[in-house]
Each structure stands twice: as C-alpha cells, then as structure tokens.
Amino acid sequence: MKIYDILCDSSSLISLTDSDLESIIPFLQKKFPIRFLIPPSVEYEMVTRPIDSDLREFLFSAFKIKKDINNGVITKVSLDVDEETQKLLRIANNIFFAKGKPLRIVHLGEAAMIATAKKLDVNTLLIDERTTRMLIENPFQLKSHFENEFKVNIMMQKKNLNDFIDYVRGMEIIRSSEIVILGYENDFFEGYNDLKVDALRAALYKIKYSGCSVSFEEINSFIGTVK
Amino acid sequence: MYETPLRHFVNDILLGFKNRNQKKLRKLNDIILKEAVLHFTKPTFELGVFAYILSKLVSKTRFLKKQNDVKFKEIEAILKDLSKNIDRLPESQCLLLFRDLENDIIQLEEEDKRYITNLDTKGRLKAAALLYAQGVSIGVASDVTGINKQDIQSYAGKTRMFDRLEEPISIKDRMKIAHKLIGG
C-alpha cells in the first residue's frame, strides 16, 4: 500500500490546535495511508519551547501536539539539512531588491522546512504562513505586493529567482483550510447532521481567525459549492 | 550637523513624545517599520516599535498623571541620548539604550497593571503583525520582534490581511492536491 507523506510547518499546526481541529489529523490518518511529518524545528516551536519556557497560553496546544507525536499520529523526521538550508536561505533572501538592498523575507526555520521536503522527496507541504507559500507558488505576486506596500520599485535577481524556482519545482501546498475540507468530505462533521455544512463554514472561519491565510471570499465562495 | 535617517526618526519621535502627539507617533510607527523592512537593522525595528509604544503612553490619561513626570523626563533623556549616539555607537550598545527605554515603560505600567500583556509586548506584537502583512515571513517577523509565532498568527488572523491579496491558487485547485494525498 502506498503511503502518502505531507510535511507540516508550524503555522498549520498552530491554526489547527488553536481552533481545536487537530483531531482531523488522526481522523484522516485512520481512514487513509497518510503520514503527517514534521521537522525537528517544528517540534521545538510547537512543543519543546512552550513547555520548557512555560508559555502558559500555548501549553495546551503543545501537549496536544506532543500527544500526537507520542502516539505516532505525527512523525518527526530528523535530517541533516543545514548546508542546504543555508544555501536556500541565501538564495531566497537575495531575490527581491529595494533601493539596491536585498529584502530579508525568509527565516531559517522556513528554509529548513523546504530543504527537508526536498531531501525527503516529499512534494506536498502543509503551510498556512503566507509569505513562504507565495514565494513558492508565485514570487511575482509577492513582488507586486512589496511594490504596493513600500511604493518603490522592486527588482528581482534573475539567477536567484530561477535557482529558487528550480529548487521548489514540483512542490505543492495546501493549508489547514483544505485539511478541514478533506475532513468534511470524509464525514468528520457527520455528527452535526443537517448542520454539517454550517459546521464546516464555522470551522473554516475559526481556522482563518487562528491565522490560516485564507480569505472570507474564498471560504464563502467554496461553501456556495458544497452540497 | 548632517541628520541621518535614523537620527531623524529619533528626533521626530522625541518631538512627538514631548508634544504628547499620539497621531504623529503612530504615523512614525508605520513609516519607520517600512524603512526597517527595506534596511533591516535592529535599531530601526526597535525605533518603529517604540514609536508605537510611546504613542500609547501619551494617549492614556492613566500614564499622563503628575506622578509619572519623572519617568517621562527619563524617557525623553534616553531619546536625547539615542539621538546623539544612534549613528555612533555599535549596534549592541544602541540596543542597551532601547532596553533602558523598555524598563522605564515597564515600570510605568507596574504602577497600574491592567492587562496580562504589557505595552511593550503589545507594541512588538503589532509591529510583528505589520511586518508579516507587509510581506516578510512570520519567522522573520518573530525573530526581529521577539514575539512568538503563535501570537503573531493569532493577531494576523483577526485582521483583514489575508483578504487583501488574491490567492495564487484557488481552494478548488488546492483540493485537487489534497485529494492526491488520499489516493484520489
């Protein structure tokens, strides 16, 4: 049986746990041969740091993820990607230039996530964070966004752009909103009976409020297509 | 003397603070944080954050009480010191002046503690969310402001930032990717 892997970043797990929707992960895993993978940096951000630093607001989320790791629902993958990460970081942070200076837009953890996906040959990523996602999916749209925000011309360094595009070629991204919809399609909301479409809409709103980069327009137009 | 952009910002903040001009300080917060993304120096980020925090200080009557005059004077003195030294001191020493500023503000709040989140953290959180909205990643925003990703994400989720940009891929197309995961 083929097992499908998805590499999750911290932003998607933050949205799911904050919305109390993380139980969709084991729900889907029971039904389908999916492995939800995380790099060590995500475990550190989501579990180790909140617990060790006693970050009270995030402790419950931390224990929920820790439980999923301990139960094998979420699989931690440890790979040495330091060199690749540094290289990718250098490339990604030298694509956009404003007033002759490079815009530093990507962080070590985000670069490590992409490098891990590449090394594992995992093509599906679960990312709620907007910037890294847009950089992978449409860097030109990000350029326009910077120009709108800063009212300056943004230059793109062609070689770095092409190197980055080559590096992420084949990677596809879904957000926690799509995981929630996948849950809906597979009866996660069945207990809501005739309220299940309303429950789906409410869950999508909740995940948006928890920081998943999905718009109200996307949610509303999608709900309009749900039977 | 030639006024560098950083010194200019400090002087503007000092003026806004002295005049208890909340609007000016809020505007400076926006301008400086934009510059911070373009130039990426820690003191620029700190200045942006403090423009916001000071705007809050001058807008709340509870902080404007006579008994706080001494602390307000101390803040002005630190800003003057910063203005004199921001271009001369190494970054690490400059950041120490910002810590002095932070301590003064925390002490002001200690007198009348109303919220779990203090003004300093709130200012950093707003700055982090603004940086994320402008297009830097949540990891970078967290790194430069010292705010947890969870807090930034939660704050950003309650703003309209995700409604202002068209998504490069529709939900329908993303669901096709999701269906591949379950062998569909």
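A few points on the structure. Everything quoted here is computed from the prediction, not taken from an experiment.

How each quantity is defined
Residues numbered from 1 in each chain as written. Chains lettered and ligands numbered in written order. Predicted model: local features only at pLDDT ≥ 70, side-chain atom pairs only at ≥ 80, totals over all residues. Heavy atoms only, no water. Helix = DSSP H or I, 4+ residues; strand = E, 2+ residues; numbered from the N terminus. Rg over C-alpha atoms; globule rule 2.2 N^0.38 Å. Buried < 20%, exposed > 50% of the residue type's maximum accessible area, 1.4 Å probe, protein only. Contact = heavy atoms within 4.5 Å. Lys, Arg positive; Asp, Glu negative; His and termini not counted. Charge placed at Lys NZ, Arg CZ, Asp CG, Glu CD. Polar contact = N/O pair within 3.5 Å; in protein donor to acceptor, adjacent residues only side chain to side chain. Pairing = 2+ DSSP bridges. Axes fitted to C-alpha atoms, helices over the stretch in contact; angles between N-to-C directions. Salt bridge = Lys/Arg side-chain N within 4 Å of Asp/Glu carboxyl O.

## Remarks on the overall build of chain A
Scanning chain A from terminus to terminus reveals twelve helices and eight strands. Here the C-alpha atoms of chain A give a radius of gyration of 18 Å, agreeing with the 17 Å that 2.2 N^0.38 yields for 227 residues. For chain A, the C-alpha atoms occupy an extent of roughly 55 × 40 × 40 Å along the three principal directions. Put simply, chain A has 227 residues, and 56% of those count as buried. Once local pairs closer than 6 in sequence are excluded, the contacts in chain A between residues at least 24 apart make up 72%. Of the side-chain charges in chain A, 30 are positive and 33 negative, and the distance between the mean point of each set is 4 Å.

## Considerations on the environment of Gln153(B)
Position of Gln153(B) among the secondary structure elements: in helix H8 (residues 149–157). Spatially, the C-alpha atom of Gln153(B) lies 7.8 Å from that of Ala129(B), the residues being 24 residues apart in sequence. Among all residues touching Gln153(B), those that are not within four sequence positions of it are Ser11(A), Ile14(A), Ser15(A), Ser210(A), Gly211(A), Cys212(A) and Ile138(B). Polar contacts involving the side chain of Gln153(B) include one to the side chain of Ser15(A), which spans 2.8 Å. A polar atom in the side chain of Gln153(B) sits 3.4 Å from the backbone oxygen of Ser210(A).

## Side note on the sheet that holds strand E4 (residues 96–98) of chain A
Residue and element names in this part refer to chain A. Reading across from one edge, E5-E4-E7 is the order of the three strands in this open sheet, with antiparallel pairing throughout. Each having just a single partner strand, strand E5 (101–102) and strand E7 (154–156) make up the two edges of the open sheet. With two bridges connecting them, E4 and E5 associate as antiparallel partners. Note that in E5 the partner of Phe 97 across the bridge is Pro 102.

## Considerations on the sheet that holds strand E8 (residues 172–174) of chain A
All names here are of chain A. With parallel pairing, five strands are arranged side by side in an open sheet as E3-E2-E1-E6-E8. The open sheet is flanked by strand E3 (74–76) and E8, the only strands paired with a single partner. Neighbour-to-neighbour, the strand axes of the sheet open up by a mean angle of 35 degrees, direction not taken into account. In this structure, strand E1 (residues 4–8) lies alongside strand E6 (residues 124–126), joined through two bridges in parallel fashion. By the bridge assignment for E6, Cys 8 is matched with Leu 126.

## Re the pattern of salt bridges
Side chains that differ in sign of charge can pair as their charged atoms come close. Under the counting rule described, the total for this entry stands at 35 salt bridges over all chains. Between Lys208(A) and Asp163(B) there is a salt bridge, with the nearest N and O atoms lying 3.0 Å from each other. Note that Lys208(A) is positioned in helix H11 (residues 196–209) and Asp163(B) in the loop between H8 and helix H9 (171–181), a pairing that runs across two chains. By relative accessible area, Asp163(B) is classed as partly exposed at 24%. Note that Asp173(B) is salt-bridged to Lys176(B), the shortest N-O span being 3.2 Å. In this pair, Asp173(B) and Lys176(B) are both assigned in helix H9, three residues apart and thus about one turn of the helix distant. Because the salt bridges share partners, they merge into one network encompassing Arg133(A), Glu137(A), Arg175(A), Glu178(A), Glu218(A), Glu167(B) and Arg174(B).

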